[in-house]
Every structure is written in structure tokens, then in C-alpha cells.
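This is what each chain is made of:
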Amino acid sequence: HKRRANKDFGITYSKKLDRLLIPDASPATLVQARSLLQLPKYLTFRLNGNSALYKSYTRRGDRPALHIIVEDLLSLHRLREVILHNDEIVAAVYCLVGTSLDVCKRVMLKEFVKTDDKVLVWLDPDMAGTSAAGAIIRNLDSLLPSTVSIKSTTEIKEPKHHTDEELLRILNQYVEH
């Protein structure tokens with residue numbers, strides 16, 4: 001399971017940094033260096049210098065029924081992995097690389113999210129994530145059509161800490177409602 005994720009998503013280990021290197025996509029435009037023991041927990045390297053919203057579609061050609069906004073690349077990859085191996089959920093996952101929704105990211109979301117779509121804001125359950133989720137929902141509520149359903153999850157764990165079964169159960173709740 002871990003080997004597949006490493007191979008599929010380009011996750012490698014840097015001895016020099018003593019961190020996992022997590023790219024946003026292939027070819028990478030951003031890399032996060034993640035540590036379990038060192039502070040800061042994340043080091044972010046933008047390879048193109050732009051502020052962007054990093055997205056992962058589940059299957060090419062399928063229009064997503066659900067748009068999921070997460071805080072970090074590990075959560076993006078974790079959700080992507082589960083969704084890619086499930087034929088019932090068609091979703092797009094977007095990573096903010098933090099908790100802010102700047103102008104560039106708002107413009108991109110407005111382009112991707114269409115009338116009658118569903119948006120799930122799933123940030124970390126810490127104080128920063130909870131506060132930012134509320135601000136993002138208010139921001140998206142004024143930006144997107146009123147027919148778009150925008151919700152935040154009340155899960156006490158980040159997506160990267162859930163099992164496949166837990167993630168599918170949670171996502172199905174938001175797809176169905």
C-alpha cells in the first residue's frame with residue numbers, strides 16, 4: 001500500500017533534509033518536505049514561484065460531483081488514492097498548501113466549481129484549520145452560485161489519518177447529501 005503511494009505520487013525521502021519529499025503532481029510545481037520530529041513540520045518549495053491551487057482529478061474525462069478542499073499535499077494524495085480506486089465517487093481534490101484562500105485560488109475554484117456542485121472544506125481539526133474553514137466557506141458562499149452546496153466536515157482526523165473504509169464512508173455522506 002505504501003509502496004504504491006510512493007511510486008504513484010513521487011514521494012521520496014531526503015537524507016540531507018531528513019524529511020519526506022511530497023510533490024504536488026508530475027511534473028512537480030511544488031514540493032513539501034515533511035518531518036515528524038523537526039520544526040517546522042513542513043518546508044514548502046514552490047518550483048514555479050506562483051501561488052496556486054494544487055488539484056487532483058480522480059479520473060480523466062469524468063466531471064466531479066464533489067470538490068474537496070484540503071490543507072496539505074499528504075491529505076490530497078491520500079484522498080486521491082482512495083477515490084482513484086473506487087468507481088462510485090467522482091471527485092476533485094484541491095490543496096491550499098496552508099489555510100488561506102487568496103485571490104488566485106478563488107479565481108481557480110470559481111472556474112472549476114459549477115452550478116449544483118458540492119464543495120467539502122476539510123482542513124485540519126486544529127484551531128487554525130477550524131477558523132480558516134469558516135472563513136473559506138463564507139468566502140466561497142459569496143463567490144460561487146447559490147445552487148452550490150458548501151459544507152465543512154466535523155471529522156476529528158485529517159484525511160491522511162483515515163483508513164480507506166473511513167474515507168469512503170465520509171465521502172459518500174457528502175456525495176449523497
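Residues numbered from 1 in each chain as written. Predicted model: local features only at pLDDT ≥ 70, side-chain atom pairs only at ≥ 80, totals over all residues. Heavy atoms only, no water.

Attention now goes to the overall build of the protein. Along the backbone of the protein there are five helices and nine strands. For the protein, the succession of helices and strands along the chain, N to C, is α-β-β-β-β-β-β-α-β-α-β-α-β-α. Sorting the 177 residues of the protein into buried and exposed places 44% on the buried side. Long-range pairs, those at least 24 residues apart, make up 64% of the contacts in the protein with a sequence separation of at least 6. Within the structure as shown, the protein displays about 9,600 Å² of accessible surface, and the carbon and sulfur contribution to it stands at 54%. (Helix = DSSP H or I, 4+ residues; strand = E, 2+ residues; numbered from the N terminus. Buried < 20%, exposed > 50% of the residue type's maximum accessible area, 1.4 Å probe, protein only. Contact = heavy atoms within 4.5 Å. Areas by Shrake-Rupley, 256 points an atom, 1.4 Å probe, with all protein chains shown as cover.)

On to the confidence of the model for the protein. With 80% of its residues at a pLDDT of at least 70, the protein reaches an overall mean of 81. In this model residues 1–6 is a low-confidence stretch, pLDDT under 50, and it forms nine contacts with partners more than four residues away in sequence or in other chains. (pLDDT = per-residue confidence, 0-100.)

A word on unusual backbone geometry. With phi around 55°, valine 97 is a residue other than glycine that occupies positive phi space. Examined against the element boundaries, valine 97 turns out to sit in the loop between strand E7 (91–95) and helix H3 (103–112). Here valine 97 falls in the buried class, since its relative accessible area comes to 14%. The phi dihedral of aspartate 116 is positive, around 70°, even though this residue is not glycine. With respect to the element layout, aspartate 116 can be found in the loop between H3 and strand E8 (118–122).

With that out of the way, let us pick up the environment of serine 100. Note on placement: serine 100 falls in the loop between E7 and H3. When the C-alpha positions of serine 100 and alanine 133 are compared, they lie 9.2 Å apart, and in sequence the two are 33 residues distant.

When charged atoms on two side chains of opposite charge get close, those side chains can pair. Scanning all chains against the criterion turns up five salt bridges. A salt bridge links lysine 157 to glutamate 166; the nearest nitrogen and oxygen atoms lie 3.3 Å apart. Take glutamate 166: its relative accessible area is 24%, and that puts it in the partly exposed class. Through salt bridges that share partners, Asp72, Glu158 and Lys160 make up one connected network. (Salt bridge = Lys/Arg side-chain N within 4 Å of Asp/Glu carboxyl O.)

Burial within E7 is extensive, with five of its five residues counted as buried. Relative to E7, strand E6 (residues 66–70) is paired through five bridges, and the arrangement is parallel. Within E7, the residue paired with isoleucine 69 across the bridge is tyrosine 94. Chirality of the crossover, the property in question, places the unit of E6, helix H2 (residues 73–84) and E7 among those that are right-handed. (Pairing = 2+ DSSP bridges. Right-handed = clockwise from strand over helix to strand, strands pointing away.)

As a further point, take the packing of aromatic side chains. Aromatic ring pairs: the centre-centre distance and the angle between the two ring planes describe each pair. For the structure shown, the criterion picks out one aromatic pair. Where tyrosine 94 meets phenylalanine 112, the ring centres are 5.7 Å apart and the plane angle is 25°; that geometry is what we call stacked. One end of the pair, tyrosine 94, is in strand E7; the other, phenylalanine 112, is in helix H3, and 18 residues separate them in sequence. Neither residue differs from the other here; tyrosine 94 and phenylalanine 112 are each classed as buried. (Phe/Tyr/Trp six-rings, centres within 6.5 Å; stacked < 30°, edge-to-face > 60°.)

Take helix H4 (residues 127–143) next. Between the first and last C-alpha of H4 there are 24 Å, a value that for 17 residues agrees with the 24 Å anticipated at 1.5 Å per step. Considered for burial, the residues of H4 that qualify are Gly129, Ala132, Ala133, Ile136 and Leu140. The buried residues of H4 occupy an angular sector of 110° when projected down its axis, which confines them to one face. Facing away from the buried surface of H4 by more than 90 degrees, the exposed residues are Met127, Thr130, Ser131, Arg138, Asp141 and Ser142. (Expected span 1.5 Å × (residues − 1). Arc of directions from axis to C-beta.)

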